[in-house]
Amino acid sequence: MKNYKQQMQNWLLQLRNSLLTQGVPQSDVMNLETKLLKKMNDEAPPRIAVIGETGVGKSSTINALFNTNLPVHDFTACTQEIEEVNTTTANGEPITIVDFPGLGEGLTADKRHWELYKKELPSVDVALWVISAGDRAVGNMITALRKISDICSDKALSRLVFGINKAEHMSPEQWNIRANMPEPNHYNNLIGFQKTVLNAIREIIPKWNGRIETYSAHKRYNLDALLLAILQTVPETRRWKVKATSDVASWEEFVDPEYLRLARQINAEGEKSHEC
């Protein structure tokens, strides 16, 4: 979040004032504040894994969520090794992106390939599994997920979040350009596809209670919901760090200004009516 650091500073200021008001010696308060700031600064950068086939938009998704500048080539095509990228956001926050081995045909029989998942999944804050909306290759995802669920612990599987990217390309591709959102028929198909994928996941991993979100990195559609799903999956002690590093691209920048004005006017009138 762009203002998260400022929020943390405000929180520290409130804490300082509260402790001083309660009579805590100023030296003790300053010592506590110094320790808290050191803890925050020493915290390891977020470690975000991405899983998915080439072309689903893994790099563009990370760029849209964290304001990084990763080359949009979806890392190394069909890699059989884990690829780690240490980069920074536009605000200078460090972040580590871990690209897991590809899931294309011909790779799923490699035992070492799956051992990498078993070893490395527990080490990340969250693993975002990206697929494309309406993608017929979802069968490859199901095959891979079944294999991963057989060899990985419940803890590792709990790190998984599923994202359905390229919402704008879902059939029948009726995207309202001015409002930057799908038309009703398009939206209904997105919801139907998401439910299909979710049911398949829960059939394979009944204990999984994670999140799945449909979005568009290119259109910046529903990115806030995707980030929320990620934050809810990250271990609680690390959640603040991931949130502090995030910097979600604005969906509103692609919306017709007149649409925004009318929407805000309607919302304001609704709130005023509710107060009455």
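The structure reproduced in this document is the subject of the present report. Quick caveat: nothing in here was measured; it's all calculated off a predicted structure.

Points about the pattern of salt bridges
Phase 1: Taken as a whole and judged by the stated rule, the model has 12 salt bridges.
Phase 2: Glu-43 is the salt-bridge partner of Arg-238, the closest N and O atoms lying 2.9 Å from each other. Of this pair, Arg-238 sits in helix α9 (residues 236-245) while Glu-43 sits in the loop between α2 (26-42) and β1 (47-51); the two residues are 195 residues apart in sequence, bridging distant segments of the chain. Judged on exposure class, the residue Arg-238 and its partner Glu-43 are both buried.
Phase 3: For Lys-207, the salt bridge is made with Asp-154, and the minimal N-O distance between the two is 3.9 Å.

What to know about the environment of Ile-82
Phase 1: Among the structural elements, Ile-82 can be located in the loop between α3 (58-66) and β2 (83-88).
Phase 2: It is 4.9 Å that separates the C-alpha atoms of Ile-82 and Phe-100, two residues lying 18 residues apart in sequence.
Phase 3: What Ile-82 contacts, discounting residues up to four positions off in sequence, is Val-98, Asp-99, Phe-100, Pro-101, Leu-116 and Glu-120.

Some details on the environment of Leu-260
Phase 1: Tracing the backbone through its elements, the reader meets Leu-260 in helix α10 (residues 257-275).
Phase 2: Given a relative accessible area of 14%, Leu-260 falls into the buried group.
Phase 3: Along the backbone, Leu-260 and Arg-178 are 82 residues apart, and their C-alpha atoms lie at a distance of 9.7 Å.
Phase 4: Those residues in contact with Leu-260, other than ones at most four positions away along the chain, are Glu-252 and Val-255.

Remarks on the packing of aromatic side chains
Phase 1: In this structure the tally under the stated criterion is 5 aromatic pairs.
Phase 2: Seen in terms of ring centroids, Trp-129 and Phe-162 are 5.5 Å apart; in terms of plane orientation they differ by 20°. Their pairing is stacked. Of this pair, Trp-129 sits in strand β4 (residues 126-132) while Phe-162 is found in strand β5 (residues 160-165), placing the two residues 33 residues apart along the sequence. For the pair Trp-129 and Phe-162, one class covers both residues: buried.

A short note on the pairing of β2
Phase 1: Sheet topology note: the β2/strand β3 (residues 94-99) ladder contains 6 bridges and is antiparallel. Bridging across to β3, Thr-88 finds its partner in Pro-94.

Observations concerning the pairing of β3
Phase 1: With 5 of 6 residues buried, β3 lies mostly within the body of the structure.
Phase 2: If you look at the hairpin formed by β2 and β3, you'll find 5 residues sitting between the two strands, and Gly-92 has a positive phi there, around 85°.

Quick look at the sheet that holds β1
Phase 1: The sheet built from 6 strands is open, its strands ordered β2-β3-β1-β4-β5-β8 with mixed pairing. Every interior strand has two partners, whereas the edge strands, β2 and β8 (212-214), have only one. For this sheet the average axis-to-axis angle between neighbouring strands, irrespective of direction, equals 25°.
Phase 2: α3 rests against β1, β3, β4 and β5 of the sheet, and its axis sits at about 145° to β1.

Conventions used here
Residues numbered from 1 in each chain as written. Predicted model: local features only at pLDDT ≥ 70, side-chain atom pairs only at ≥ 80, totals over all residues. Heavy atoms only, no water. Salt bridge = Lys/Arg side-chain N within 4 Å of Asp/Glu carboxyl O. Helix = DSSP H or I, 4+ residues; strand = E, 2+ residues; numbered from the N terminus. Buried < 20%, exposed > 50% of the residue type's maximum accessible area, 1.4 Å probe, protein only. Contact = heavy atoms within 4.5 Å. Phe/Tyr/Trp six-rings, centres within 6.5 Å; stacked < 30°, edge-to-face > 60°. Pairing = 2+ DSSP bridges. Axes fitted to C-alpha atoms, helices over the stretch in contact; angles between N-to-C directions.

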